[in-house]
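# Reading the structure
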Amino acid sequence: MKTRSETARDTHAYPGPSTGLVVQSRKISRAELARRFLLRLVVLAFFWTLLTDFRSDALVFGLPAVLAAAALVFLGPAAPNWQLSLRGAVAFVLWFAVQSVRGAIDVARRAFTPSLPLHPGFRTYRTSLPEGAPRILFLNTITLLPGTLSAEVMGEDIIVHMLDIRADLEADLHDLERRVATLFALTPETKAQS
Amino acid sequence: MILDLLAAILIASGAFFFVAGTVGLLRFPDLYCRLHALTKADGLGLALIAMGLSLLAGSAAEILRIILIWFFVALASATCSHLIAAHARRVDRERTDD
Amino acid sequence: MTIFLGVIIFILLASILAGLARVLRAHRPEDRMLAAQLFGTASVAILLVLSRMMDMRALLDVAMVFALLAAITLAAYVVLAGRRLL
C-alpha cells in the first residue's frame, strides 16, 4: 500500500521527466483566472435555467448557488491549462462513438454465443500521457473500447482487463493514446530528452 | 410516422442491448468480464433509448434534459466500472497475501 | 406507442431483476457492486421511458437524481470498503 501512495505522489510532480508528452500550457495569470470564472458562471447558469425550465423565480436559489460553484475556481490547485483542438475533438467524438458501438456489439455477441468465446486476463500498458484530464480520458475510453477495461492504475502502468487476451492490446492503446494526444494538442517530446 | 418508427427501432435496439448486458452478467465467468458486459452493453442501450425518446420528445428543453441525463450516466459509468475493478483487484491481492 | 413503451419497460425491469437474482447468489461481496452499476443505468432508462409513456416530465427529474446518486453511492461504497481493507 505504501508503494502505491508514493507513486501517486510522484506523478503529481507534473510533467515528470518520464512523461513522453509535454503540454503547451501557460502559467495561470489573474486575467486567465477571471476568464475561467466567467466561463463557469455562464455554463452553470445555463444548466440551472435548463433544469428549472427557464423560470425566473427559481433564480432566487439559483444565482447564489451558481456564484458559489463558479467561485470554487479560486480555491484549490489550479489545473493545468489544457488546450483542446477543435478538429481533434470532433474527430475523437466520432471515432469514440463508433468504437463504443463496436465494443457493445462485441460484448453482446460473446454473451449470446453458446460456446462463450472468452479468454480473459490482465495485461499491463505503460502510458506516456500526462497526469490529469488526458490520462483520465484515456482510462475511461479504454473501458468502452471493444474487449478492454481499465482495471487499475499504478503510476504510469495501466492494468487492463481483456475479454480476449490474444488481441493486440499494444497497437490499440497506442492508437488511442495518439488520438488523446491530438485532442489535447500535446506535442511529443524531443528524442534527446527521453 | 417515420419518426415514430425510427424512434421505436432505436428504443427496441436499446432494450436489446440491456438484455445482452444481463445475459453477459449471468453467463460470464468472473467479476471483471461481467463488468465489461454491464458497462459497454448497458451504456449503448441507454444511449439508444435516449436517442429514440428524443425523437418523441415534445420540446427542445425536454430533449436537452434527456441528453444531460444520458451524459451524466455515461460520464459516471466508465469511472464506476474502473473503481469496482480496482477495488476487486485489491481484495484479490489481500486474499492471496493471507 | 404506449403499448410498445410498456413492453420495453417490462423487458428492462425483467433484465434488472434477472441481474439482481444473479448478483445476490454471487460468491464474492464485490459482485454486489455490479448491482449498483446495473441499477444506475437500467433504472434511468426505465424512468426515461416511463416519463414518455405517462407524459410526466417530473420523472425526468427523478431520472436525473438517480443518475447523479448512483455514481456517488458507488464511489462512497468503494471508498468505505477500501478503508476497511487497510
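Nothing here was measured: the structure is a model prediction, and the numbers come from that model.

## Concerning the interface of chain C and chain B
In this complex, chain C contributes 42 residues to the contact, which on the side of chain B involves 45 residues. Around 4000 Å² of area is buried between chain C and chain B when both sides are counted, 75% of it from carbon and sulfur atoms. Two residues, Arg52(C) and Glu62(B), come together in a salt bridge whose shortest N-O distance is 3.4 Å. Of all the secondary-structure elements, those providing two or more residues to the side of chain C that touches chain B are α1 (2–24), α2 (31–53) and α3 (58–85) of chain C. Broken down by class, the residue content of the side of chain C that touches chain B amounts to 29 nonpolar, 6 polar and 7 charged.

## Topic: the confidence of the model for chain A
Residue and element names in this part refer to chain A. Mean pLDDT over chain A works out to 79, with 79% of the residues at or above the 70 mark. A low-confidence stretch, residues 1–19 (pLDDT under 50), is modelled with 20 contacts involving residues beyond four sequence positions or located in other chains. Within the model, the stretch residues 190–194 combines pLDDT values under 50 with 0 contacts to residues more than four positions away or in other chains.

## Digging into empty space enclosed by the protein
On inspection of all chains with the given rule, the structure shows 2 cavities of 30 Å³ or more. What the largest cavity holds in volume is close to 100 Å³. Among the elements of the structure, α3 (60–97) of chain B together with α2 and α3 of chain C are those that each provide at least two residues to the lining of the largest cavity. In the lining of the largest cavity, the residues fall into 8 nonpolar, 4 polar and no charged. Roughly 30 Å³ of internal volume is contained in the second largest cavity.

## Some details on the interface of chain B and chain A
At the interface, 31 residues of chain B touch 39 residues of chain A. Overall, the association of chain B and chain A removes approximately 3000 Å² of surface from exposure, summing both partners, and the carbon and sulfur fraction of that is 70%. For the chain B face of the interface with chain A, the top three residues by lost area are Arg27(B), His36(B) and Lys40(B), together amounting to 22%. Our count for the chain B to chain A interface comes out at 2 salt bridges.

## Looking at the pattern of salt bridges
Scanning all chains against the criterion turns up 14 salt bridges over all chains. One salt bridge in this structure joins Asp106(A) and Arg110(A), with 3.2 Å as the shortest N-O distance. Linking Asp106(A) with Arg110(A), this pair stays in helix α4 (residues 86–112), spanning 4 residues, or about one helical turn. For Asp106(A), a relative accessible area of 13% translates into the label buried. In this structure Arg110(A) comes out as buried when scored by relative accessible area, which is 9%. The salt bridge involving Arg34(B) is made with Asp31(C); its shortest N-O contact spans 2.9 Å. Residue Arg34(B) is located in helix α2 (residues 31–56), and its partner Asp31(C) is located in helix α2; the two belong to separate chains. Taken individually, Arg34(B) and Asp31(C) each receive the classification buried, so the pair is uniform in this respect. Connected through shared salt-bridge partners, Asp106(A), Arg109(A) and Arg110(A) make up one network.

Here is what the cut-offs are and how they apply
Residues numbered from 1 in each chain as written. Chains lettered and ligands numbered in written order. Predicted model: local features only at pLDDT ≥ 70, side-chain atom pairs only at ≥ 80, totals over all residues. Heavy atoms only, no water. Contact = heavy atoms within 4.5 Å. Buried area = accessible area lost by both parts, 1.4 Å probe. Salt bridge = Lys/Arg side-chain N within 4 Å of Asp/Glu carboxyl O. Helix = DSSP H or I, 4+ residues; strand = E, 2+ residues; numbered from the N terminus. Nonpolar A, V, L, I, M, F, W, Y, C, P; charged D, E, K, R; others polar. pLDDT = per-residue confidence, 0-100. 1 Å grid on protein atoms, 1.4 Å probe; cavity = no way out; pocket = protein on both sides within 12 Å on 5 of 7 lines; lining within 4 Å. Points joined across faces, edges and corners; volume = space filled by probe spheres on them. Buried < 20%, exposed > 50% of the residue type's maximum accessible area, 1.4 Å probe, protein only.

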